[in-house]
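Structural overview
Each chain, written out:
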Amino acid sequence: MFTIKVRRKGEKEHFAYEDVLKETRVVHEECGGDKVNWDLPDCGCPWIFHCLTCGAKTEAPSILDAKLKIMETAMDGNAREIGKNIRVVCRSEPQE
C-alpha cells in the first residue's frame, strides 16, 4: 500500500493543488520506503507510483479522480482510497 500524507488545510485557508503537493509525503507501507517516484505522466493515464527502495509499483487509474481525492482529504481530513493500493490520509507528524 502506498500512502499519500497531506496536511489538512484550515477552513478559511485558500490553496491550490500545487500548494498541497509542497507539503505532501508519499510512503510505501510494506517496506517503509519514503523514496517514491509519483511524478505525473506527461500525458494520459495511468499515474504510476514506484517505490525506489523495494521496486514495488502500483497505479492510480484516473489522474483526475486521484487529484480530487487528495484535495478533498486536505480539506476535510477524511482518508480515501485511490485505486487498489493507494490511499490518501492527513499526516499527523510535521513535514521534514
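This section reports on the structure supplied with the text. Because the structure is a prediction, the values reported are computed rather than measured.

The rules behind the values
Residues numbered from 1 in each chain as written. Predicted model: local features only at pLDDT ≥ 70, side-chain atom pairs only at ≥ 80, totals over all residues. Heavy atoms only, no water. Helix = DSSP H or I, 4+ residues; strand = E, 2+ residues; numbered from the N terminus. Rg over C-alpha atoms; globule rule 2.2 N^0.38 Å. Buried < 20%, exposed > 50% of the residue type's maximum accessible area, 1.4 Å probe, protein only. Contact = heavy atoms within 4.5 Å. Lys, Arg positive; Asp, Glu negative; His and termini not counted. Charge placed at Lys NZ, Arg CZ, Asp CG, Glu CD. Pairing = 2+ DSSP bridges. Axes fitted to C-alpha atoms, helices over the stretch in contact; angles between N-to-C directions. Disulfide = S-S within 2.5 Å. Salt bridge = Lys/Arg side-chain N within 4 Å of Asp/Glu carboxyl O.

Some details on the overall build of the protein
Secondary structure assignment for the protein yields 2 helices and 7 strands. Counting from the amino terminus, helix and strand elements in the protein follow one another as β-α-β-β-β-β-α-β-β. For 96 residues, the compact-globule estimate of 2.2 N^0.38 gives 12 Å, and the C-alpha radius of gyration of the protein, at 13 Å, lies within 12% of that figure. Projected onto the principal axes, the alpha-carbon positions of the protein cover approximately 40 × 30 × 20 Å. Taken over 96 residues, the protein has a buried fraction of 33%. Sequence separation of 24 or more characterises 43% of the internal contacts of the protein that already satisfy a separation of 6 or more. Side-chain charges of the protein comprise 15 positive and 17 negative groups, with the mean position of each set lying 2 Å from the other.

Some points on the sheet that holds strand 1 (residues 2-6)
Taken in spatial order, the 4 strands line up as 2-1-7-6 in an open sheet, and their pairing is mixed. Each edge of the sheet is formed by a strand with only one pairing partner; in this case those strands are strand 2 (25-28) and strand 6 (80-82). Ignoring strand direction, the axes of neighbouring strands in this sheet form an average angle of 25°. One ladder, built from 3 bridges, connects strand 6 with strand 7 (residues 86-90); its direction is antiparallel. Counterpart to E81 in the pairing with strand 7 is R87. Across the face of the sheet, helix 2 (residues 63-76) comes into contact with strand 1, strand 6 and strand 7 while running at roughly 165° to strand 6.

Focus on the sheet that holds strand 5 (residues 57-60)
Strand pairing in a sheet is mediated by backbone hydrogen bonds. Such pairs are either parallel or antiparallel. Taken in spatial order, the 3 strands of this open sheet run 3-4-5, and their pairing is antiparallel. Of all the strands in the sheet, the pair left with one neighbour each is strand 3 (36-37) and strand 5. As judged from the 2 bridges shared by strand 3 and strand 4 (residues 47-51), these two strands associate in the antiparallel manner. Opposite V36, over in strand 4, you have C51 as the bridge partner.

As for the state of the cysteines
Evaluation of the coordinates by the stated rule reveals 0 disulfides. Cysteine C51 is unpaired, with the sulfur of C31 as its nearest cysteine sulfur at 3.6 Å. Exposure remark for C51: the relative accessible area of 0% places this residue in the buried category.

Comments concerning the pairing of strand 7
Direction of pairing for strand 1 relative to strand 7: parallel, over a ladder of 5 bridges. Paired with V6 across the strands is C90, a residue of strand 7.

So, the pattern of salt bridges
Scanning the entire structure with this criterion turns up 9 salt bridges. For E13, the salt bridge is made with K9, and the minimal N-O distance between the two is 3.9 Å. By relative accessible area, which is 31% here, E13 ends up partly exposed. As a salt-bridge pair, E72 and R80 come within 3.1 Å of each other at their nearest N and O atoms. For E72, a relative accessible area of 26% corresponds to the partly exposed category.

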